[in-house]
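Structural overview
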Amino acid sequence: MTASAFVITYLAFMAGFLMLTLAADDGPKRVVVFILLTVANDIGGYATGVLFGKHPIAPQISPKKSWEGFAGSVVLQCAVGAAAFVYLLDAPWWQGVLVGLIMTITATAGDFAESAVK
């Protein structure tokens, strides 16, 4: 029952986040940047982890997540963040790198939290 309540709350939270983001003048571009960063995190982590992953981060919780995959996520997400911030949001590149780094850390922590619930 708790898991069901969490899912319902999570969906409402994400919908609210999307509506608040779209309300900004450059809201649609922000949503595109967020989606690009999320895809970059997943592709960078998966590709690097499959090709080079040898050292698991937390094998008890998520045996397939490796430090190499995490590094791939960081590199690709920071690169995509820098490009997206410069070309889509007209912001400095270093802000995109910072957001990419923060999103990699929070996405990985969220993946571990979700795996722990499973």
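This text gives an overview of the structure that appears in the document.

Conventions and cut-offs
Residues numbered from 1 in each chain as written. Predicted model: local features only at pLDDT ≥ 70, side-chain atom pairs only at ≥ 80, totals over all residues. Heavy atoms only, no water. Helix = DSSP H or I, 4+ residues; strand = E, 2+ residues; numbered from the N terminus. Expected span 1.5 Å × (residues − 1). Contact = heavy atoms within 4.5 Å. Core = buried A, V, L, I, M, F, W, Y, C linked by side-chain atoms within 4.5 Å. Buried < 20%, exposed > 50% of the residue type's maximum accessible area, 1.4 Å probe, protein only. Salt bridge = Lys/Arg side-chain N within 4 Å of Asp/Glu carboxyl O.

So, helix H2 (residues 27-52)
The end-to-end C-alpha distance of H2, which contains 26 residues, comes to 37 Å, matching closely the 38 Å that a straight helix rising 1.5 Å per residue would cover. Buried residues in H2 make contact with helix H1 (2-23), helix H3 (67-87) and helix H4 (93-117).

What to know about the nonpolar core
Val33, Leu37, Ala84, Phe85, Leu89, Ala91 and Met103 together form the largest nonpolar core, which totals 7 residues. If you list the elements that add at least two residues to this core, you get H2 and H3. With residues near it in sequence (within four places) discarded, Ala84 still touches Val33 and Leu89.

Brief notes about the pattern of salt bridges
Scanning all chains against the criterion turns up 2 salt bridges. Between Arg30 and Asp26 there is a salt bridge, with the nearest N and O atoms lying 2.8 Å from each other. A relative accessible area of 43% means that Arg30 is categorised as partly exposed. A relative accessible area of 24% means that Asp26 is categorised as partly exposed. Note that Asp111 and Lys65 form a salt bridge whose closest N and O atoms lie 3.3 Å from each other. On the criterion of sequence distance, the pair formed by Asp111 in helix H4 and Lys65 in strand E2 (residues 62-66) is long-range, its members being 46 residues apart. On the basis of relative accessible area, Lys65 is assigned to the partly exposed category, the value being 25%.

Observations concerning H3
End to end, H3 covers 30 Å across 21 residues, agreeing with the expected 30 Å (1.5 Å per residue, within 8%). By the burial criterion, the buried members of H3 are Glu68, Gly69, Gly72, Ser73, Val74, Gln77, Cys78, Gly81, Ala82, Ala84 and Phe85. Looking at the buried positions of H3, the neighbouring elements they touch are H2, E2 and H4.

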